[in-house]
Amino acid sequence: MDEYQVPMVALLGAPLLALLATVSLRWVPDGHVLVVSRRGIVSRVTGAGLRWRWPVVDRAEVVPVEPQELPLVVRADTADGCDVRLLVMGRVTLVPPTPLERFVEPLASAELVAQRVLAEAVRRQAVADLADGLTQSWPALVATVDAATRPRGVRVLDLELAELDVLLVPQLPVTAARGPG
C-alpha cells in the first residue's frame, strides 16, 4: 500500500461518515418521542435524546406527548335549522403508538372526529336552548369526544367553548344578492 493511499482514504472516509451520521441521527427534545416506522408500520418508539434511524428505510416522526392546544372549528345546524359556528379549544395529549401498529398522524384524524361529535351535539338542540343545553351537557360531551378520539391516539383532557356564533339572518343565494339583471 502506498504511503499516500492511507491519508486519501481517511480524507474521503471522514466526510462520508459525517454525512451518514447527520442523516441517521435525530435529536428528540424533552416532552416528545420519536416514532420510527417502516412501510407505515411502527417499528419502535423512543424517548428524548439523540436517536438513530436508518435513512431512506425508516420514516421518523417526532411526536409531542405533553399537553397541547387543539382548536376545533365546528359548523352545524341546530334542530330548528339555525346555522351555528363554534370555536372550541381542546387541551389534548398524544398517546404514542405501540410497535407493529399502523402509524397515522393522530391530530388530523382526531380533529375530524371531535368536530363531528360537537356538531352532533349542536344538531340535537334548538337554538333557544343551545347555550344552556351545551353548558349542562359539557362534562358528558368532553367524555364523549375523549372516547371518540382515543382510538386515534389522542386523549382529550379538556374542552373550552371559546366562541358560539348563531347566524340569525339566512344567507341569500348569490343571484338574489346581486339583484335583477
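None of the values given here were measured: they were computed from a predicted structure.

Asks: I'd like a rundown of the pairing of strand β3 (residues 41–46), residues and numbers included.
Replies: When strand β2 (residues 32–38) meets β3, the two strands line up antiparallel, connected through five bridges. Bridged to Ser37 within β3 is Val42.

Asks: Talk me through the confidence of the model for the protein chain; I want residue IDs and the actual numbers.
Replies: Mean pLDDT over the protein chain works out to 83, with 88% of the residues at or above the 70 mark. Confidence scores differ between elements of the protein chain, with helix α4 (residues 174–178) showing the lowest mean pLDDT of 54 and strand β6 (residues 68–77) the highest of 93.

Asks: Just give me the short version of the sheet that holds strand β7 (residues 83–94), but keep the residues and values in it.
Replies: Spatial strand order, β6-β7-β8: three strands in an open sheet with antiparallel pairing. At either end of the open sheet lies a strand with only one pairing partner, and these are β6 and β8 (154–167). Across the sheet, the mean angle separating the axes of adjacent strands is 20° when strand polarity is ignored. Sheet analysis places β7 next to β8, joined by twelve bridges and oriented antiparallel. In the sheet register, Arg85 faces β8, and the bridge partner there is Asp165. Across the sheet, helix α2 (residues 106–123) lies against β6, β7 and β8, angled at about 40° from β6, the strand it touches most. Sitting on the sheet, helix α3 (residues 130–149) is in contact with β7 and β8, with an inclination near 145° to β8.

Each value, and the rule that gives it
Residues numbered from 1 in each chain as written. Predicted model: local features only at pLDDT ≥ 70, side-chain atom pairs only at ≥ 80, totals over all residues. Heavy atoms only, no water. Pairing = 2+ DSSP bridges. Helix = DSSP H or I, 4+ residues; strand = E, 2+ residues; numbered from the N terminus. pLDDT = per-residue confidence, 0-100. Axes fitted to C-alpha atoms, helices over the stretch in contact; angles between N-to-C directions. Contact = heavy atoms within 4.5 Å.

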